[in-house]
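A closer look at the structure
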Amino acid sequence: MTNGSDVVHGFPHLDTAREAITALHKRLSYDGVRAYESSVAPADVAFCDQDDLHLGAQRVARALVHQLRLPEARMIVSFREMEHAASVELTAGPEYFIELNDRFRTHRRDIGAALAHEITHVLLHRLGLSFPGTRDNEILTDTVTTYLGAGWLLLDAFREDAVSSQKLGYLTPEEFGYVLAKRALVFGEDPSVWFTSPQGYTAYTKGRAQALRDGQQPPLVAAGWNGRRRYAKDRRYAQDHPGAGRPGPGAGPGPGSPYAFEGAPGGGLRVSFPCPTCHQRIRVPVRGRVRARCALCRTILECDT
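Residues numbered from 1 in each chain as written. Predicted model: local features only at pLDDT ≥ 70, side-chain atom pairs only at ≥ 80, totals over all residues. Heavy atoms only, no water.

Considerations on the packing of aromatic side chains
We count it as follows: Within 6.5 Å between ring centres, the rings of Phe, Tyr and Trp (the latter by its six-membered ring) count as paired, and their orientation is classed by plane angle as stacked under 30 degrees, edge-to-face over 60, tilted in between. Burial status follows relative accessibility: with a 1.4 Å probe on protein chains alone, a residue under 20% of its type maximum counts as buried, one over 50% as exposed, and anything between as partly exposed. Charge-over-ring placement is defined geometrically: NZ (Lys) or CZ (Arg) within 6 Å of the ring centre, and within 35 degrees of the ring normal.
Counting across every chain of the model gives five aromatic pairs. Residues Phe195 and Tyr204 carry aromatic rings whose centres are separated by 5.9 Å and whose planes lie at 40 degrees to one another, so their mutual orientation is tilted. Comparing Phe195 with Tyr204 shows no difference in burial state: the two are buried. A ring pair is formed by Tyr259 and Phe261, whose centres lie 5.8 Å apart and whose planes are at 70 degrees; its orientation type is edge-to-face. Under the relative-accessibility criterion, Phe261 is labelled buried at 17%. Of the aromatic side chains, those joined through ring pairs into one cluster are Tyr231, Tyr259 and Phe261. Sitting over the ring of Tyr36, Arg69 keeps its end group 5.1 Å from the ring centre.

Concerning the sheet that holds strand β9 (residues 281-285)
Whenever strands of a sheet pair, they do so through backbone hydrogen bonds, lying parallel or antiparallel. Counted only if it meets this: At least two DSSP bridges between two strands are required for those strands to pair. Strands here are runs of E lasting at least two residues and helices are runs of H or I lasting at least four, both read from the DSSP assignment and numbered beginning at the N terminus. Angles shown run from 0 to 180 degrees and are taken between the N-to-C directions of axes, each axis being a line fitted to C-alpha atoms and, for helices, limited to the stretch in contact.
Here we have three strands laid out as an open sheet, ordered β7-β8-β9, and antiparallel in their pairing. Every interior strand has two partners, whereas the edge strands, β7 (260-263) and β9, have only one. With strand direction ignored, the average angle separating the axes of adjacent strands in the sheet is 30 degrees. Bridge count for strand β8 (residues 269-274) against β9 is five bridges, and the pairing is antiparallel. Each residue of the ladder has a partner; that of Arg270, found in β9, is Pro285.

Considering the packing of helix α5 (residues 134-147) against helix α7 (residues 173-187)
For clarity, the cut-off: For any helix crossing, the convention is left-handed if the near helix is rotated counterclockwise from the far helix by under a right angle, and right-handed if that rotation is clockwise. It only takes one pair of heavy atoms within 4.5 Å for two residues to be counted as in contact. By the convention adopted, Pro, Cys, Tyr, Trp, Phe, Met, Ile, Leu, Val and Ala count as nonpolar, Lys, Arg, Asp and Glu as charged, and the other residues, Gly among them, as polar.
In the contact formed by α5 and α7, the axes pass within 9 Å of each other and the chain directions differ by 35 degrees. Like other packed secondary-structure pairs, α5 and α7 cross with a definite hand, here right-handed. Contacts between α5 and α7 involve Asp142, Thr143, Thr146 and Tyr147 from the first element and Phe176, Val179, Leu180, Lys182, Arg183 and Val186 from the second. Considering only residue class, the contact of α5 with α7 consists of five nonpolar, two polar and three charged.

Some thoughts on the pairing of strand β4 (residues 95-101)
As paired strands, strand β2 (residues 74-80) and β4 are joined by seven bridges and run parallel to one another. Residue pairing across strands places Met75 opposite Tyr96, the latter belonging to β4. Bridging between strand β3 (residues 86-89) and β4 involves four bridges; their strand directions are antiparallel. Note that in β4 the partner of Glu89 across the bridge is Phe97.

Some points on the state of the cysteines
Convention followed: Cysteine sulfur atoms are paired as a disulfide whenever they fall within 2.5 Å.
If you walk through the whole model with that rule in mind, you get zero disulfides. As a non-bridged cysteine, Cys278 has Cys294 as the owner of its nearest cysteine sulfur, 3.5 Å distant. Here Cys278 falls in the buried class, since its relative accessible area comes to 0%. Sulfur of Cys303: no disulfide; nearest cysteine sulfur belongs to Cys275 and is 9.8 Å away. Cys303 gets classed as buried once you look at its relative accessible area, which sits at 0%.

With respect to the pairing of strand β10 (residues 289-293)
Regular strands have side chains that alternate between both faces of the sheet. What you see with β10 is a clean split: Val290 and Ala292 sit on the buried side and Arg289, Arg291 and Arg293 on the side with no burial. Inspection of the sheet shows β10 paired to strand β11 (residues 300-304) by five bridges, in the antiparallel sense. Within β11, the residue paired with Ala292 across the bridge is Leu301. Counted between consecutive antiparallel strands, the loop separating β10 from β11 contains six residues, among which Arg298 sits at a positive phi close to 70 degrees.

Looking at the pattern of salt bridges
Rules: Counted as salt bridges are all cases of a side-chain nitrogen of Lys or Arg within 4 Å of a carboxyl oxygen of Asp or Glu.
Applying the stated criterion across every chain yields a total of 11 salt bridges. Linking Arg291 and Glu302 is a salt bridge whose minimum nitrogen-to-oxygen distance equals 2.6 Å. Here Glu302 lies in strand β11 and Arg291 lies in strand β10, a separation of 11 residues in the sequence. Taking the relative accessible area as the measure of exposure, Glu302 reaches 32% and is therefore partly exposed.

Regarding the environment of Leu129
Residue position: Leu129 is located in the loop between α4 (111-127) and α5. Accessibility expressed as a relative area gives 13% for Leu129, which makes it buried. Taking the C-alpha atoms as reference points, Leu129 and Thr143, 14 residues apart in sequence, are found 12 Å from one another.

Here you go:
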């Protein structure tokens, strides 16, 4: 886990985060994801300067083990000088050894954030879920930490002013806000009340706006006028050029379009698009108003194809 000094903003890792959400749903199943309905409570991971360092770290680790449904994992937390914010030794268990950067001795409010990321590494290790490459695997870890109810701590650890900054993890603050908002939309939470960092709250609002846009893309009924107009134009092109493959510049859905048209078995046309909840690809026939159900996350989608 890294500690960011020069904070990157925006959504440069959004595609990977979306892939991580899909992979998590596939690995845990609908019922498995629903087992994480409640986020870890702020009171359970609070850490003040008066708390004993090691006892407090063990207490917070236990709360996060419980949140991530790892009852058999015993965490042993130590502190030392190191380049990164934290690391975990992944073995067969039953004990896992987490090392935190020495600076957390005096920055105790962020110990929960560092532990949440490392304990999620343990969960992913047990699930056998990983992405190739260090960067993508760390983005997977940040995304899963957040989606399963412990990652709001990582966003709350983000602080930035004119002379200094701090950010834990690989996702940008806005991407943490995006994944947190995706979770909030599924479980009906309002994580904004948990933030002690004003910068973390601002990043959440920006991420939430991006998450809401996922549910406002055509062919979903909630798409805005411009989106519906563009979709109708692309649909006409697909109907007029069956089997044409990728359209030329300015014609049909572009490379960044969330939807694509293809021939349907037995003739006709169908459109594919990502589920706004889990980003699994969905295919429905082009025939006006259609109600679709995502087979992965069971979201019911109202479409105008």
